[in-house]
Amino acid sequence: MIVCSCNVLSDGDVKACLAPGPRCPRTPAQVYRCLGCSPNCGRCVRTIRTIMDQALAEAGAEPLGTCEGGCCPAIPQPAAAEPAL
Ligand code: FES
């Protein structure tokens with residue numbers, strides 16, 4: 001199903017760039033970047049966020065990870081929290 005008509009992105013395209021790991025896109029903007037495009041009208045942002053949330057839930061709330069295509073190496077990820085002493 002097409003979820004972004006401006007960039008002709010399907011839900012499968014979005015899911016394909018979401019895989020468990022530290023470099024997974026964490027925002028819709030990072031998903032667009034991973035897929036080699038950028039938002040235009042922005043109407044699809046909420047849908048893409050929903051797909052991302054569902055993928056996170058299906059992954060057992062583990063952090064989403066590296067794009068399988070290796071196209072997102074520059075996405076900054078939050079550092080692991082240091083345990084409080
Ligand atoms: S529908 Fe996705 S940017 Fe317009």
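Analysis parameters
Each chain has its residues counted from 1, running along the sequence as written. In keeping with the predicted nature of the model, local features appear solely for residues at pLDDT of at least 70, side-chain atom pairs appear and are counted solely at 80 or more, and the whole-chain, interface and lining totals rest on all residues. Heavy atoms throughout the structure, all of them, feed into the side-chain values; hydrogens and water do not. UniProt positions are given in the numbering used here, feature names are shortened, and annotations may be inferred rather than shown by experiment. Among the buried residues, those of types Ala, Val, Leu, Ile, Met, Phe, Trp, Tyr and Cys that are joined through side-chain atoms within 4.5 Å form a nonpolar core. Whether a residue is buried, partly exposed or exposed follows from its accessible area with a 1.4 Å probe, protein chains only, as a fraction of its type maximum: under 20%, in between, or over 50%, in that order. Working definition: helices are DSSP H or I runs of at least four residues, strands are E runs of at least two. Numbering for both runs from the N terminus. The contact criterion used is simple: two residues touch if any of their non-hydrogen atoms lie within 4.5 Å. In a helix, the anticipated span is given by 1.5 Å times the number of residues less one. In this context, the arc is that of the directions from the helix axis out to the C-beta atoms.

As recorded in an unreviewed UniProt entry, the protein chain goes by Bacterioferritin-associated ferredoxin and comes from Microvirga terricola. Looking at the Sequence similarities (unreviewed entry) heading of the UniProt record, one finds this comment for the protein chain: "Belongs to the Bfd family."

(A) Structural context of the nonpolar core. With 15 residues, the main nonpolar core has Val 14, Leu 18, Val 31 and Ile 48 as its most contacted residues. Of all the secondary-structure elements, those providing two or more residues to this core are β1 (2–4), α2 (28–34) and α3 (45–58). Of the residues forming this core, the biggest block, four residues, is contributed by α3. For Val 14, the contacting residues outside a window of four places in its chain are Val 3, Val 31, Leu 35, Ile 48 and Ile 51.

(B) Geometry of the environment of Arg 46. Note on placement: Arg 46 falls in helix α3. The exposed category is assigned to Arg 46, whose relative accessible area is 70%. Sequence-wise, Arg 46 and Val 3 are 43 residues apart; in three dimensions their C-alpha atoms are separated by 9.9 Å.

(C) Representation of unusual backbone geometry. A positive phi is found at Val 8, a non-glycine position, where the angle reads about 50 degrees. Checked against the element boundaries, Val 8 lands in the loop between β1 and β2 (9–10).

(D) Just α3, in detail. The terminal C-alpha atoms of α3 lie 20 Å apart, and with 14 residues this matches the ideal 20 Å at 1.5 Å per residue to within 8%. Turning to α3, its buried residues are Ile 48, Ile 51, Met 52 and Ala 55. Buried residues of α3, seen end-on, are gathered within an arc of 100 degrees and therefore sit on one face of the element. Away from its buried face by more than 90 degrees, α3 exposes Arg 46 and Ala 57.

(E) Expanded view of the environment of Val 3. By the secondary structure assignment, Val 3 is in strand β1. Assessed through its relative accessible area of 12%, Val 3 is described here as buried. Sequence separation between Val 3 and Cys 44 is 41 residues, and the spatial gap between their C-alpha atoms is 6.2 Å. Sequence-distant contacts of Val 3, defined by excluding residues within four places in its chain, comprise Leu 9, Ser 10, Asp 11, Val 14, Cys 44, Thr 47, Ile 48 and Ile 51.

(F) Representation of the side chain of Ser 10. Checked against the element boundaries, Ser 10 lands in strand β2. By relative accessible area, Ser 10 is classed as buried at 17%.

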